[in-house]
Amino acid sequence: MPELLSVESAVTRILESFRPLPVEHVELVESLGRVLGADVRASFDAPPFANSSMDGFAVIAQDTQGAEQQQPARLRVVADIPAGTMPTRALLAGEAARIMTGAPLPEGANAVVPVEQTDQNWRSGENHPPSAYVSIYRTVNPGAYVRPRGEDFFTGDTVLPALTPIRPQELGLLAALGSQRVPVIRQPRVVILSTGDELLDVDQPLAPGKIRDANGYTLYGLVKTYGGLPIRLPIIRDTLADARARFQAALALQPDIILSSAGVSVGAFDVVRAVVEELGAINFWRVNLRPGKPLAFGHVGGVPFFGLPGNPVSAMVTFDVFVRPALLRLTEQPDAVPTITAVLEEDTPSDGRRSYLRVKLRRDGATWVATMTGTQSSGALTSMVKADGIIIIPEGVTLARAGEPFAVRLLRDIH
């Protein structure tokens with residue numbers, strides 16, 4: 001029997017098969033959730049002119065020196081500047097211009113006095129003509145309530161570097177820049193196959209000896225979470241002919257990864273392994289971890305192939321450890337696993353393999369404490385739903401003692 005591969009060795013060998021995908025251009029609204037494929041530079045200053053951050057009066061700051069409630073500065077109002085218009089004249093000493101939020105400052109002005117600090121009581125949007133004079137009740141310094149030209153960025157600035165994930169805020173900035181089409185890294189296309197005569201799809205009633213295909217949907221969600229484009233095909237039945245047909249259909253979709261669950265161990269009905277070896281090559285690894293020791297990785301028709309275990313927890317753990325880094329490599333994203341350190345609440349036996357166990361987390365002062373979710377059966381999908389994280393017991397440990405610290409890969413935000 002071959003020696004068990006370490007997790008690190010398996011990941012290294014897998015990643016050797018993956019290179020970043022090319023860049024494509026998509027419509028702006030389709031870029032959300034994608035990864036930017038090139039630097040985006042500004043072709044203009046933002047804002048393109050100094051503008052008011054308040055409704056009020058544009059002034060020359062020196063004209064307000066010493067102003068207060070009992071002794072206001074009195075200025076002549078010579079202009080009215082709504083947002084979306086340009087001033088038609090410059091301010092001179094002793095003059096003010098009524099101005100709305102976002103409107104450009106007139107030449108000569110260097111500050112804004114909010115309307116609340118004057119003797120006026122209008123608000124933006126109200127159709128009141130400006131008074132001939134305004135009383136200013138406070139001193140303002142140059143730059144008060146003014147957004148200077150280029151406050152956000154200047155022409156030529158790299159405002160979004162390549163490989164930036166596009167969130168709603170990046171989407172808004174791209175819109176402000178006028179980016180109708182956006183360069184993004186192509187999404188990895190991942191074909192998902194589930195295997196077994198015992199499997200039913202979600203719309204089929206349960207029958208004796210049958211279970212529904214949870215893995216196909218769990219893996220669909222995981223692929224999508226990490227930036228892939230998941231494509232589910234019909235369940236592979238336990239015949240070589242059906243497995244061959246499904247893999248040929250998968251290859252016709254020109255995927256970047258083929259991902260299957262079950263059918264790759266040493267059982268008499270494990271037809272996936274046989275077809276993969278027929279259509280490509282497989283390096284059948286027995287990896288030193290639990291759950292998930294039976295893991296296959298190879299190539300089918302030149303396409304990287306992962307054969308994950310059939311038990312749902314094993315499939316999720318092996319996806320997280322082995323498939324996710326490959327997906328992130330394809331889109332050039334860092335494999336930054338959210339991890340904390342927690343101490344075990346109780347003694348926990350292990351079998352000497354690296355073990356990924358489901359835990360709940362709670363704080364005890366400055367320390368995180370991990371408690372098992374209950375059964376650690378690899379068939380108990382509810383244990384993954386309950387878990388805050390996966391605690392990792394290293395190789396060679398057969399008894400992890402209460403109070404000992406271990407790394408925990410977080411499954412949800414606990415802060």
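Residues numbered from 1 in each chain as written. Predicted model: local features only at pLDDT ≥ 70, side-chain atom pairs only at ≥ 80, totals over all residues. Heavy atoms only, no water.

We now examine the nonpolar core. Soluble, globular proteins show a tendency: their nonpolar side chains are buried together. In this structure, L259, F306, F319 and F322 are the most contacted members of the largest nonpolar core, which totals 38 residues. Here this core takes ten residues from helix 6 (residues 312-330), the largest share from any one element. When sequence neighbours within four positions are dropped, the list of residues in contact with F306 reads I14, F18, I257, I258, L259, S260, A296, F297, F322, V323 and A326. The next biggest cluster of nonpolar side chains, apart from the first, holds 18 residues, and it includes V191, F247, I258 and A296. (Core = buried A, V, L, I, M, F, W, Y, C linked by side-chain atoms within 4.5 Å. Buried < 20%, exposed > 50% of the residue type's maximum accessible area, 1.4 Å probe, protein only. Helix = DSSP H or I, 4+ residues; strand = E, 2+ residues; numbered from the N terminus. Contact = heavy atoms within 4.5 Å.)

Those residues of helix 1 (residues 7-15) that fall on the buried side of the exposure criterion are V7, A10, V11, I14 and L15. Considered in projection along helix 1, the buried side chains sweep an arc of 125 degrees and stay on one side of the axis. (Arc of directions from axis to C-beta.)

By the element assignment, T373 lies in the loop between strand 24 (367-372) and helix 7 (382-386). On the basis of relative accessibility, which here comes to 15%, the residue T373 falls in the buried class. In this structure, T373 is in contact with R358, V359, K360, S383, K386 and A387, ignoring residues within four places of it in sequence.

Moving on: the sheet that holds strand 6 (residues 95-99). Read from one edge to the other, the open sheet built from five strands follows the order 7-4-6-5-8, with strand pairing classed as mixed. Strands at the two margins of the open sheet, each flanked by one partner only, are strand 7 (111-114) and strand 8 (133-136). Pairwise comparison of adjacent strand axes, ignoring direction, gives a mean angle of 40 degrees for this sheet. Judged from the four bridges that link them, strand 4 (residues 56-59) and strand 7 form a sheet pairing that is antiparallel. Bridge pairing in strand 7 places G56 opposite P114. (Pairing = 2+ DSSP bridges. Axes fitted to C-alpha atoms, helices over the stretch in contact; angles between N-to-C directions.)

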